[in-house]
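Secondary and tertiary structure notes
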Amino acid sequence: MEDKELQLVDHLDELRKRLIISIVAFFGFFVVGFIYVEEIYQWFVRDLDVKLIALGPSDIVWVYFMLAGLIAIAGTIPVLALQIWLFVRPALKPMERKITLSYIPALFILFIVGLCFGYFVIFPTVMGFLIDLSGDMLVANFTADKYFRFIMNMSLPFGFLFELPVVVMFLTSIGIVNPYVLQKIRKYAYFVLVVISVVISPPDFMSDILVTIPLLFLYEISINLSKIVYKRKLKKEKEWGMDEDERVDLG
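Residues numbered from 1 in each chain as written. Predicted model: local features only at pLDDT ≥ 70, side-chain atom pairs only at ≥ 80, totals over all residues. Heavy atoms only, no water.

Looking at the nonpolar core
Ranked by internal contacts, the top residues of the largest apolar core, which has 50 residues, are Phe 44, Leu 67, Phe 123, Tyr 147, Phe 148, Ile 151 and Leu 215. Elements with a contribution of two residues or more to this core: helix H2 (37-44), helix H3 (57-88), helix H5 (103-134), helix H6 (144-161), helix H7 (164-173), helix H9 (186-200) and helix H10 (205-250). Beyond its immediate sequence surroundings of up to four residues, Ile 151 is in contact with Phe 44, Tyr 119, Phe 123 and Leu 156. (Core = buried A, V, L, I, M, F, W, Y, C linked by side-chain atoms within 4.5 Å. Buried < 20%, exposed > 50% of the residue type's maximum accessible area, 1.4 Å probe, protein only. Helix = DSSP H or I, 4+ residues; strand = E, 2+ residues; numbered from the N terminus. Contact = heavy atoms within 4.5 Å.)

Observations regarding the confidence of the model for the protein
Looking at the protein as a whole, its pLDDT mean stands at 84, while 90% of the residues score no less than 70. Overall, residues 244-251 carries pLDDT values under 50, and its contacts beyond four positions in sequence, including any with other chains, amount to 0 contacts. (pLDDT = per-residue confidence, 0-100.)

A look at the environment of Leu 110
With respect to the helices, strands and loops of the structure, Leu 110 is situated in helix H5. Considering only alpha carbons, one finds Leu 110 and Val 166, 56 residues apart in sequence, at a separation of 8.4 Å. Sequence-distant contacts of Leu 110, that is, excluding residues within four places in its chain, are made with Gly 159, Phe 162, Glu 163 and Val 166.

Overview of the packing of aromatic side chains
All told, the structure shown has 24 aromatic pairs when counted by the stated rule. Centre to centre, the rings of Phe 44 and Phe 148 are 5.9 Å apart; their planes meet at 90°, and the pair counts as edge-to-face. Here the residue Phe 44 occupies a position in helix H2, and Phe 148 occupies one in helix H6, the gap between them amounting to 104 residues. Just as Phe 44 is buried, Phe 148 falls in that class too. Judged by centre distance (5.4 Å) and plane angle (65°), the rings of Phe 117 and Phe 158 are edge-to-face. (Phe/Tyr/Trp six-rings, centres within 6.5 Å; stacked < 30°, edge-to-face > 60°.)

Examining the environment of Ala 140
Looking at the element boundaries, Ala 140 is found in the loop between H5 and H6. The spacing of Ala 140 and Gly 114 is 26 residues in sequence and 28 Å in space, taken between C-alpha atoms.

Quick word on a positive patch on the surface
Residues Lys 98, Arg 232, Lys 235 and Lys 236 make up a contiguous surface patch of positive charge. Looking at which element gives the most residues to the positive patch, the answer is H10, with 3 residues. Turning to its location among the elements, Lys 235 is positioned in helix H10. Judged by relative accessible area, Lys 235 falls into the exposed class, the value being 56%. (Patch = residues over 30% accessible without salt bridge, like charges linked within 9 Å, V, L, I, M, F, W, Y side chains within 5 Å. Areas by Shrake-Rupley, 256 points an atom, 1.4 Å probe, with all protein chains shown as cover. Salt bridge = Lys/Arg side-chain N within 4 Å of Asp/Glu carboxyl O. Lys, Arg positive; Asp, Glu negative; His and termini not counted. Charge placed at Lys NZ, Arg CZ, Asp CG, Glu CD.)

Notes on the pattern of salt bridges
All chains considered together, the criterion is met by 5 salt bridges. The residue Asp 47 makes a salt bridge to Arg 46 at a minimum N-O spacing of 3.9 Å. For the salt bridge of Arg 186 with Glu 220, the shortest nitrogen-to-oxygen distance reads 2.8 Å. Of the two residues, Arg 186 is situated in helix H9 and Glu 220 in helix H10; the sequence distance between them amounts to 34 residues.

Details of H2
At 3.6 residues per turn, the α-helix brings residues three or four places apart onto the same side. Within H2, the full set of buried residues consists of Val 37, Ile 40 and Phe 44. For H2, the buried positions fall inside an angular range of 60° around the axis, keeping them on one side. (Arc of directions from axis to C-beta.)

As for a nonpolar patch on the surface
Together, Leu 12, Leu 15, Leu 19, Ile 23 and Phe 27 line one region of the surface with nonpolar side chains, adding up to about 470 Å² of accessible area. Tracing the backbone shows Leu 12 in helix H1 (residues 2-35).

Comments concerning helix H4 (residues 94-101)
Taken together, the buried positions of H4 are occupied by Met 95, Glu 96 and Thr 100. Down the axis of H4, the smallest arc covering the buried residues is 115°, so these residues share one side.

Notes on the packing of H3 against H6
Where H3 meets H6, the axes come as close as 10 Å, and the angle between the chain directions of the two elements is 15°. If you check the angle between H3 and H6, you find them roughly parallel. Crossing of H3 against H6: the hand is left-handed. The segment H3 lies against H6, with Asp 59, Trp 62, Val 63, Met 66, Leu 67, Leu 70, Ile 73 and Ile 77 engaging Ala 144, Asp 145, Phe 148, Arg 149, Met 152, Leu 156 and Phe 160. (Axes fitted to C-alpha atoms, helices over the stretch in contact; angles between N-to-C directions. Parallel < 35°, antiparallel > 145°, perpendicular 65-115°, else oblique. Left-handed = near helix turned anticlockwise from the far one by under 90°.)

Below is the structure:
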């Protein structure tokens, strides 16, 4: 009983250490983002024909925090992924350690790809549709706060959602999920993804469709990648078991 309690305390200490490192990394990247926030701001507004409006001092501060926070999240993802891997590493087989470690750079790359997809594909499409919808009835003036909130809503969720295939591959490789379970819960997963798309997209049907289709496509990609990882895992485990048997025979 005491051994189990000691193990639990050790695991909690290790978890706290990993969380502290991740939090320190987040604040470090946040400071870097805050230092270069003006350059980041100019990049985002480079194609705007109008100047953004600030309705109060808090709007300016909030824009600074949003842009610095975006840099902090992007920079922290590989650090957080590495800390999670280090935390679960003792429970993994040598084969699983090598495979799962390779997912860390993929997480960061897919996060950036998701951000780019949201910003360069979804954002201009939805923005153009909404501006055209106003026609000659309204003059389009944007506050800095709402403009950047809109950008975040159209891009940041895709950064996280594009990591779904890698997360599924990781969970498959350590035996938590398998492709057949993912297939069985497909209709429930579709429902959840549709709800997510409705929540993160503007309240119009076209935006919902534009956001929903990529999410469903990502889920199907995740299932297929999970199948590949699962088959390789079974093959490696079979080879590993045969090697163990040979060692026993030699002994």
